[in-house]
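A structural walkthrough
Read off the chains here:
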Amino acid sequence: MKFQFTILAAVVAAACGSAQATEVKYMMWDSNQLPAYKQCAADFEKKNSDITIKITQSGWNDYWTAISTGFISGTAPDVFTDHLAKYPEFSKNGQLVDLAPLIMRDKVDTAAYTNGLYDNWGRDGKQFGLPKDWDTIGFVVNMEMAKKAGVSLADLQNMNWNPKDGGSFEKIVRKLSLDAAGNNANSASFDKKKVAVYGYQNPGAGGMMGQTEWGHFAVSNGFKYQDKPWDPKFYYDSPKLAETLDYLAGLPGKGVSASLENTKSLGADAMFVAKKVAIVPQGSWMITYFKDNAKFDTAWVPLPTGPTGSRATMFNGLADSIWVGSKVQPEAWKWVKYLGSADCQSVVAGYGVVFPAIKGMAEKAIAVQKSKGVDSSAFLTMAKSKTYLPPIADSGSEVDEVIKASIEAVLMNKSDATSALKAANAKANQLVKQ
C-alpha cells in the first residue's frame, strides 16, 4: 500500500510540475498590433506547452520609460519590441542579449527577411534583434476635400516639390487650404489669420530622424544623415537640410500649415481626423488608425519627387530583443525565434496592420488591407523608391535632443536653419566621439 501511495504521489507531483509552465514577459507599444500578437502567442503556446507568454502593451512614451526603469530595477520584460533609435544605447550599456550564437546554432534563415532589415540590428559580429516588420512613409489625403478643390488622385500621386516655390506639391496644398469664408490660398481674398482648413501639416520637429516630419523632403533634396550606420560623423549642417527646413518653417506664414505650437498641442493626426488638415505625412503603421478614425473618404499616396529626381523615404524596421537580465533566456529565445518566423509573421500579415519583415508578407498584408477598403500600395511604391536607413550611432538619445531643439527653433522662426544646424551638428558629432 505504501508503495502505491508513493507512485501516486510521484504521478501527482509530475503532473503539477508539468502544469507550472515558464512565463515569458513580452512588451510592445502598438495597440493596433496587439490582437495579431495575442494570436501568435496562443499558437506558440500550443506548440510549447511548457511556456506561457504574458503580453503587456503601453503607449510610446510610457513604454520607453518602463523599459529603461525596468533595466535599473530588474523588472524589465524578458522580450520587448525594440527600435533602431533606442537599441544603440541599450546594446552599449550591455542590456541586450547577443543573439548571433543562437541564430547560428539553430540555423535561422536570416536571408528570408527583406533586404537590410537583419543587418540593421547587428554590430561587430553581434546581433541584438530579429526583424519583425518594416515601414515607409506616405501622405494620407482627405479625398472629399481634394475632389471639391478639383485635385485628382493622379495629381496627388504625381506631385513634385522643391524648396524654392514648393513645386506642384505647394500648388495642391494651396488649393486645399481654405479660410473661414471658403477662399483657398490662391485667392487674393484668402485670410491667413482665419484658416479653417490647412492644406498640409508637418507633424513636428522630429528629432534626429525626422522620419515623418522632414527626412523625406530633405533626402529627396540631396541631404544625407551620415555615410553609413554607426559612422561618427553627421551632416545635419548640410545646406540641403537647411533650405528644406526653412521651406517648411515658411508654410505657416503662408496660411497653408498650422504653427508648430498649435501642432504640438493638437497633433497632426487628430487635426486630420477633425478635418482641420487635408494632407499629413505618416507611416504605414498608422493605416488602421486612419481607417478606424477618419470618417470620410481618404487615400494614401506616395511622397513627392524632389529636386534629385526621386522620391525618398526612411526604411525603418522594428525587431524583438531579449533583455540580458531575463532569468528565462532559453524560453525567451524560443519566443523571439517564433516572432521572427514565417508562422507568426503570416498571422501578422493576415491582420493587415503592418508589413512583416519576411519577404512576400507585405504583399499579403496589402491584399488584406485592400479587402477592407484601403489601398496601401503607396507604401510599397515608396519601398521601391530611394530608401535610406535611420541614423544609427552611439549617444543617440543625447544627439536626438540636440537636433530636436535646433529644428524646433527653426520651425518656430526663432533661428535660421543654417546657424541653428551648424551649432547643433558640431555638438552632435562631439557627443558621438565621446
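Residues numbered from 1 in each chain as written. Predicted model: local features only at pLDDT ≥ 70, side-chain atom pairs only at ≥ 80, totals over all residues. Heavy atoms only, no water.

1. Describing the sheet that holds strand S6 (residues 130-135)
Heads up, the rule is: Strand pairing is assigned whenever DSSP detects at least two bridges linking the two strands. To qualify as a helix, a DSSP run of H or I must reach at least 4 residues; to qualify as a strand, a run of E must reach at least 2; elements of each kind are numbered from the N terminus.
Across the sheet, 6 strands lie side by side as S2-S1-S3-S13-S6-S14; this open sheet has mixed pairing. Looking at strand neighbours, the two that pair on one side only are strand S2 (51-57) and strand S14 (355-356), the edges of this open sheet. Pairing of strand S3 (residues 79-82) with strand S13 (residues 316-322), which is carried by 4 bridges, proceeds in the antiparallel orientation. Looking at S13, one finds that Asp82 is bridged to Ala319.

2. Concerning helix H19 (residues 417-433)
Quick reminder: α-helices carry 3.6 residues per turn. Residues three or four places apart thus point the same way. Filter applied, for reference: Under the convention used throughout, the expected extent of a helix is 1.5 Å for every residue step, that is, one less than its residue count. Think of it in three bands: with a 1.4 Å probe and only protein chains considered, a residue is buried below 20% of the maximum accessible area for its type, exposed above 50%, and partly exposed in between. Our arc is simply the arc of the directions from the helix axis toward the C-beta atoms. A contact between two residues is defined here by any heavy atoms of the two lying within 4.5 Å. As used in this structure description, the phrase polar contact means that two N or O atoms lie within 3.5 Å; if the pair is within protein, one of them must be able to donate a hydrogen and the other to accept it, and residues adjacent in sequence are counted only when both atoms belong to side chains.
Taking 1.5 Å per residue, 17 residues should reach 24 Å; H19 reaches 24 Å between its end C-alpha atoms and fits that length. The complete set of buried residues in H19 reads Ala417, Ala420, Leu421, Ala424, Asn425, Ala428, Asn429, Leu431 and Val432. Seen end-on, H19 carries its buried residues on one side only, within an arc spanning 155°. Projecting away from the buried face of H19 at angles above 90 degrees are the exposed residues Lys422, Lys427, Gln430 and Lys433. Among the structural elements, helix H10 (239-254) and helix H18 (396-411) are those in contact with the buried residues of H19. Put simply, Asp416 is the residue that caps the front of H19, since its side-chain oxygen is 3.3 Å from the backbone nitrogen of Thr418.

3. Examining the packing of helix H8 (residues 167-176) against H10
The following threshold applies: All axes here are fitted lines through C-alpha atoms, helices being fitted over the stretch that makes contact, and every angle between N-to-C directions spans 0 to 180 degrees. These descriptions rest on fixed angle ranges, namely under 35 degrees for roughly parallel, over 145 for roughly antiparallel, 65 to 115 for roughly perpendicular, and the rest for oblique. Handedness of a crossing follows from how the near helix is turned relative to the far one, being left-handed for an anticlockwise turn of less than a right angle and right-handed for a clockwise one.
Following both chains from N to C, one finds H8 and H10 inclined at 25°, their axes separated by 12 Å at the closest point. Here H8 is positioned roughly parallel relative to H10, judged by the angle of their axes. As H8 runs across H10, the sense of the crossing is right-handed. Residue-level inspection shows Phe169, Glu170 and Arg174 of H8 in contact with H10, the latter providing Tyr247, Leu251 and Lys254.

4. Description of the nonpolar core
Applicable threshold: In this description, a nonpolar core means a group of buried Ala, Val, Leu, Ile, Met, Phe, Trp, Tyr and Cys residues linked to one another through side-chain atoms lying within 4.5 Å.
Of all hydrophobic cores here, the largest spans 124 residues; its most connected members are Phe139, Leu156, Trp214 and Trp335. In this structure Trp335 touches Val24, Tyr26, Tyr37, Cys40, Ala41, Phe44, Ile53 and Val79, once residues within four positions along its chain are discounted.

5. A look at the packing of aromatic side chains
The following threshold applies: For Phe, Tyr and Trp, rings pair up if their centres lie within 6.5 Å, where Trp contributes its six-membered ring, and each pair is then called stacked (planes under 30 degrees apart), edge-to-face (over 60) or tilted (otherwise).
Counted according to the given criterion, the structure contains 40 aromatic pairs. Ring centres of Phe44 and Trp335 lie 5.2 Å apart, and the angle between their planes is 65°; on these two criteria the pair is classed as edge-to-face. With a gap of 291 residues between them, Phe44 in helix H2 (residues 34-47) and Trp335 in helix H14 (residues 329-339) connect regions that are remote in the sequence. Judged on exposure class, the residue Phe44 and its partner Trp335 are both buried.

6. Focus: the pairing of strand S7 (residues 137-142)
With 6 of 6 residues buried, S7 lies mostly within the body of the structure. The alternating pattern of S7 places Ile137, Phe139 and Val141 on one face and Gly138, Val140 and Asn142 on the opposite face, and all of these are buried. Note that S7 and strand S10 (residues 279-283) share 5 bridges and pair antiparallel. Paired with Phe139 across the strands is Pro281, a residue of S10.

7. A closer look at H18
With 16 residues, H18 should reach 22 Å at 1.5 Å per residue; the first-to-last C-alpha distance of 22 Å fits that figure. Considered for burial, the residues of H18 that qualify are Gly396, Val399, Val402, Ile403, Ser406, Ile407, Glu408, Ala409, Val410 and Leu411. On its buried face, H18 sits against H10, helix H11 (260-266) and H19. Backbone geometry just after H18 places Asn413 at a positive phi near 60°.

8. Focus on the state of the cysteines
What counts here: Our working definition of a disulfide is a cysteine sulfur pair at a distance within 2.5 Å.
Applying the stated criterion across every chain, the model contains 1 disulfide. In this model, Cys40 is linked to Cys344 through a disulfide, with the two sulfur atoms separated by 2.3 Å. Given an S-S torsion of about 105°, the disulfide between Cys40 and Cys344 has right-handed geometry. Linking Cys40 in helix H2 with Cys344 in helix H15 (residues 342-351), this pair joins segments that are 304 residues apart in sequence.

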